Amino acid sequence: MIKLIKDWMLPVAMITGALTYKWVSLLSFLTPYLIFTMLLLTFCKISLREIKFHPAHIWLLLIQLIGSIGLYLLLNPFNPVVAQGAMLCLLVPTATAAPVITGMLGGNVGFLTAYLLFCNIAVAIAAPVYFTLTGVHEEMSFFQSIFYICRKVFPLLILPLFIAAAFKKWSPKAHKALLSIPKLTFYIWISALVIVTGNTVNFMLNRDSSEYTDEWGLLIASLILCCLQFFVGRRIGRHYGDAVSSGQGLGQKNTILAIWMSQTYLHPLTAIAPAGYILWQNIINSYQLYRKNKIKK
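### Structural notes on the overall build of the protein chain
Regarding its fold elements, the protein chain presents 14 helices and zero strands. Order of helices (α) and strands (β) in the protein chain, N terminus to C terminus: α-α-α-α-α-α-α-α-α-α-α-α-α-α. Computed over the C-alpha atoms, the radius of gyration of the protein chain is 19 Å, within 12% of the 19 Å expected from 2.2 N^0.38 for a compact globule of 297 residues. The dimensions of the protein chain, computed from C-alpha atoms along their principal axes, are 50 × 45 × 40 Å. In the protein chain, which comprises 297 residues, the proportion classed as buried is 50%. Pairs at least 24 residues apart make up 80% of the contacts formed inside the protein chain by residues separated by at least 6 positions. Charged side chains of the protein chain number 23 positive and 9 negative; the gap between the two group centres comes to 21 Å.

### Some remarks on the packing of aromatic side chains
Per the stated rule, a full pass over the model turns up four aromatic pairs. Residues Phe186 and Tyr187 carry aromatic rings whose centres are separated by 5.4 Å and whose planes lie at 75° to one another, so their mutual orientation is edge-to-face. Look at Tyr187 and you get partly exposed, because its relative accessible area is 43%. Among the aromatic side chains, those forming a connected cluster through ring pairs are Phe131, Trp260 and Tyr265.

### Re helix α4 (residues 55–75)
Taking 1.5 Å of rise per residue, 21 residues should cover 30 Å, and α4 covers 30 Å from first to last C-alpha, within 8% of that figure. At Gly67, α4 shows its maximal kink, close to 30°. Listed as buried for α4 are Ala56, His57, Leu60, Leu61, Gln64, Ser68, Ile69, Leu71 and Tyr72. Those residues of α4 that are buried lie in contact with α5 (80–91), α7 (109–133), α11 (213–239) and α12 (243–251).

### Remarks on the nonpolar core
Among the nonpolar cores identified, the biggest contains 56 residues, and Ile35, Phe131, Leu157, Leu193, Ile256, Leu257 and Met261 are the most heavily contacted of them. Counting 16 residues, the second-largest nonpolar core is a separate cluster that includes Cys89, Leu225, Ala273 and Tyr277.

### Things to note about the environment of Asn285
Among the structural elements, Asn285 can be located in helix α14 (residues 272–296). Exposure remark for Asn285: the relative accessible area of 6% places this residue in the buried category. Separated by 32 residues in the primary sequence, Asn285 and Lys253 have C-alpha atoms spaced 12 Å apart. Residue contacts for Asn285: discarding those within four places in its chain leaves Ile101, Phe230, Gln248 and Gln252. A distance of 3.3 Å separates the side chain of Asn285 from the side chain of Gln288, its partner in a polar contact.

### Thoughts on the packing of helix α3 (residues 31–44) against helix α8 (residues 142–170)
Two numbers describe how α3 lies on α8: the axes approach to 8 Å, and their chain directions differ by 40°. Considered as vectors, α3 and α8 are oriented oblique to each other. Seen from above, α3 lies across α8 with right-handed handedness. For the pair formed by α3 and α8, the contact residues are Pro32, Ile35, Phe36, Leu39, Leu40, Phe43 and Cys44 on the first element and Pro155, Leu156, Leu157, Leu159, Pro160, Leu161, Ile163, Ala164 and Phe167 on the second. For the contact of α3 with α8, the residue count by class is 16 nonpolar, no polar and no charged.

### Quick notes on the side chain of Thr132
Relative to the helices and strands, Thr132 resides in helix α7. There is a polar contact of 3.4 Å between the side chain of Thr132 and the backbone nitrogen of Ile146.

### Some details on the packing of α7 against α12
A pair of packed helices can be characterised by two numbers: the angle between their axes and the separation between those axes. Running from N to C, α7 and α12 cross one another at 25°; their axes reach a closest spacing of 9 Å. By the angle between their directions, the pair α7 and α12 is classed as roughly parallel. Our pair here, α7 against α12, has a crossing hand that is right-handed. On α12, the residues that touch Phe111, Leu112 and Tyr115 of α7 are Ser245, Ser246, Gln248 and Gly249. Of the residues that constitute the contact of α7 with α12, the class distribution is three nonpolar, four polar and no charged.

### Details of a nonpolar patch on the surface
A cluster of nonpolar side chains, namely Phe53, Ile58, Trp59, Leu62, Ile66 and Tyr240, defines an oily patch on the protein surface of about 600 Å² accessible area. For Leu62, the position within the fold is in helix α4. Exposure remark for Leu62: the relative accessible area of 38% places this residue in the partly exposed category.

### What about the side chain of Thr197?
Position of Thr197 among the secondary structure elements: in helix α10 (residues 184–205). Residue contacts for Thr197: discarding those within four places in its chain leaves Met14, Gly17 and Ala18.

### Structural notes on α11
For α11, with 27 residues, the first-to-last C-alpha span of 39 Å sits near the 39 Å given by 1.5 Å per residue. Within the sequence span of α11, burial applies to Asp214, Glu215, Leu218, Ala221, Ser222, Leu225, Cys226, Gln229, Phe230, Gly233, Ile236 and Gly237. Just past α11, the residue Gly241 takes up positive phi, approximately 85°.

Conventions and cut-offs
- Residues numbered from 1 in each chain as written.
- Predicted model: local features only at pLDDT ≥ 70, side-chain atom pairs only at ≥ 80, totals over all residues.
- Heavy atoms only, no water.
- Helix = DSSP H or I, 4+ residues; strand = E, 2+ residues; numbered from the N terminus.
- Rg over C-alpha atoms; globule rule 2.2 N^0.38 Å.
- Buried < 20%, exposed > 50% of the residue type's maximum accessible area, 1.4 Å probe, protein only.
- Contact = heavy atoms within 4.5 Å.
- Lys, Arg positive; Asp, Glu negative; His and termini not counted.
- Charge placed at Lys NZ, Arg CZ, Asp CG, Glu CD.
- Phe/Tyr/Trp six-rings, centres within 6.5 Å; stacked < 30°, edge-to-face > 60°.
- Expected span 1.5 Å × (residues − 1).
- Bend = angle between axes of the 7 residues up to and from the residue.
- Core = buried A, V, L, I, M, F, W, Y, C linked by side-chain atoms within 4.5 Å.
- Polar contact = N/O pair within 3.5 Å; in protein donor to acceptor, adjacent residues only side chain to side chain.
- Axes fitted to C-alpha atoms, helices over the stretch in contact; angles between N-to-C directions.
- Parallel < 35°, antiparallel > 145°, perpendicular 65-115°, else oblique.
- Left-handed = near helix turned anticlockwise from the far one by under 90°.
- Nonpolar A, V, L, I, M, F, W, Y, C, P; charged D, E, K, R; others polar.
- Patch = residues over 30% accessible without salt bridge, like charges linked within 9 Å, V, L, I, M, F, W, Y side chains within 5 Å.
- Areas by Shrake-Rupley, 256 points an atom, 1.4 Å probe, with all protein chains shown as cover.
- Salt bridge = Lys/Arg side-chain N within 4 Å of Asp/Glu carboxyl O.

Here's what the structure looks like:
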């Protein structure tokens, strides 16, 4: 019964957020705190002694960091909103649940856990610069905008790591208590999904435009980029003997973080891209798990 509920929780959460958007959108201020808590619980499971750098990490990081800004510059002359959404789909770090899926698919959990740490640090540094370059905060100078975004992004992505390390070293009981509730991350993720979905729907319904060109462009871009990142990640991983880990590292994204970033620092409509990405990556993951289970039988 519990497995059935978890299998259907994704669509239920998104439908709930869409139907109750008037109320849950009022809770949008909670989203960064929920993301912070999810990252804290995830980093508590990481042993820094086991973190090892792998050559494949370089290629994955280059695709995220250079590919995202390159794609934005390529698409911006045609459609700035779609360009921002596409950039976000590439830039956003790996999902906190990616190591779990990687383990279920027979990949290297240690590799993926290390990459989860590296890409969060890289995105925390790059995101303020990239969001400033998009011209969202045009009323600020370049460095004022970077500082403004850094104040919120850097603590959100990096501070959980230091707190988790501090708990492990100076408060083992608190660290053990956090590890004793592994399912809490899932329920926090569901709560955050309800809120960000409601916030996205609220913005869309209150738009003046009756055209949906940008919406369709964002959905199509997220579909193409989702498939492409899983494919390219697996190709890179296959070169190093582990297609699964690199595929999940590049393809499975922290979409809740992406939606929050789009609603906070980019054009709010760009949230449709990571919202669509949630569906695409879950379809791909479900198919991969189905194939894996079928092979076992």
